[in-house]
Amino acid sequence: MLLKSERGSAPAEFVMVGMLLTFLTLAIVQLALGLYIRNVVHDAAIDGAFHAALADTTVAEGEDRVLTIVSRSLNADLVQAVWGSESNGTVTMTVQATLPLLGLWGVPYGMEFSAHAPAETLDR
């Protein structure tokens, strides 16, 4: 008769369901953080490429702009490398950043974004 009793099962069920819901909530928060970091770094690469493509700026100024944008929104340590290049009238800005897995900790060089912009000239 004691084996068929459900007495005391509510606290055990509460703990199990609570753990599952907590895990799912933290997973959704981590996914949102990862997407936010991805969008900030990607938009910084685009803005840096277009800034470097201006007629009176250099590629190095575009790289600095990427780091400035990321450091204003996130931790600048999330970006491992930024480099730009100009060829055939196109400026390319490439950014490598950390892929966040647990909070802001994650895989260094886990994300890489490239952005392209047409270079402006002062020629007529």
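Up top is the structure these notes are about.
Here's what I pulled together on the structure shown here.

Parameters at a glance
- Residues numbered from 1 in each chain as written.
- Predicted model: local features only at pLDDT ≥ 70, side-chain atom pairs only at ≥ 80, totals over all residues.
- Heavy atoms only, no water.
- Helix = DSSP H or I, 4+ residues; strand = E, 2+ residues; numbered from the N terminus.
- Rg over C-alpha atoms; globule rule 2.2 N^0.38 Å.
- Buried < 20%, exposed > 50% of the residue type's maximum accessible area, 1.4 Å probe, protein only.
- Contact = heavy atoms within 4.5 Å.
- Areas by Shrake-Rupley, 256 points an atom, 1.4 Å probe, with all protein chains shown as cover.
- Lys, Arg positive; Asp, Glu negative; His and termini not counted.
- Charge placed at Lys NZ, Arg CZ, Asp CG, Glu CD.
- Pairing = 2+ DSSP bridges.
- Axes fitted to C-alpha atoms, helices over the stretch in contact; angles between N-to-C directions.
- Patch = residues over 30% accessible without salt bridge, like charges linked within 9 Å, V, L, I, M, F, W, Y side chains within 5 Å.
- Salt bridge = Lys/Arg side-chain N within 4 Å of Asp/Glu carboxyl O.

Describing the overall build of the protein
Point 1. Assigned secondary structure in the protein consists of 2 helices and 3 strands.
Point 2. Of the regular secondary structure in the protein, the N- to C-terminal order runs α-α-β-β-β.
Point 3. The globule rule puts the C-alpha radius of gyration for 124 residues at 14 Å, and the 23 Å found for the protein is more than 25% above it.
Point 4. For the C-alpha atoms alone, the extent of the protein along its principal axes is close to 95 × 25 × 20 Å.
Point 5. Within the span of the protein, comprising 124 residues, buried residues form 28% of the whole.
Point 6. Here the analysis covers contacts within the protein between residues at least 6 apart in sequence; of these, 49% occur between residues at least 24 apart.
Point 7. Carbon and sulfur atoms provide 62% of the accessible area of the protein, an area that totals close to 8,700 Å².
Point 8. Charged side chains of the protein number 6 positive and 13 negative; the gap between the two group centres comes to 16 Å.

Overview of the sheet that holds strand β2 (residues 90–102)
Point 1. What the 3 strands build is an open sheet, ordered β1-β2-β3; its pairing is antiparallel. Each having just a single partner strand, β1 (79–87) and β3 (105–118) make up the two edges of the open sheet. Strand after strand, the sheet turns through a mean of 20° between neighbouring axes, direction not considered.
Point 2. Here β2 runs beside β3; their pairing, made up of 11 bridges, is antiparallel. Within β3, the position partnered with Gln96 by the bridge is Glu112.
Point 3. Docked against the sheet, helix α2 (residues 59–73) engages β1 and β2, running at close to 150° with respect to β1.

Focus: a nonpolar patch on the surface
Point 1. On the surface, a cluster of nonpolar side chains totalling about 500 Å² of accessible area is made up of Val17, Leu20, Leu21, Phe23 and Leu24.
Point 2. Mapping Phe23 onto the fold places it in helix α1 (residues 9–52).
Point 3. A relative accessible area of 58% means that Phe23 is categorised as exposed.

Examining the environment of Ala76
Point 1. Tracing the backbone through its elements, the reader meets Ala76 in the loop between α2 and β1.
Point 2. Distance in space between the C-alpha atoms of Ala76 and Leu33 is 15 Å, their sequence separation being 43 residues.
Point 3. When sequence neighbours within four positions are dropped, the list of residues in contact with Ala76 reads Val70 and Ser71.

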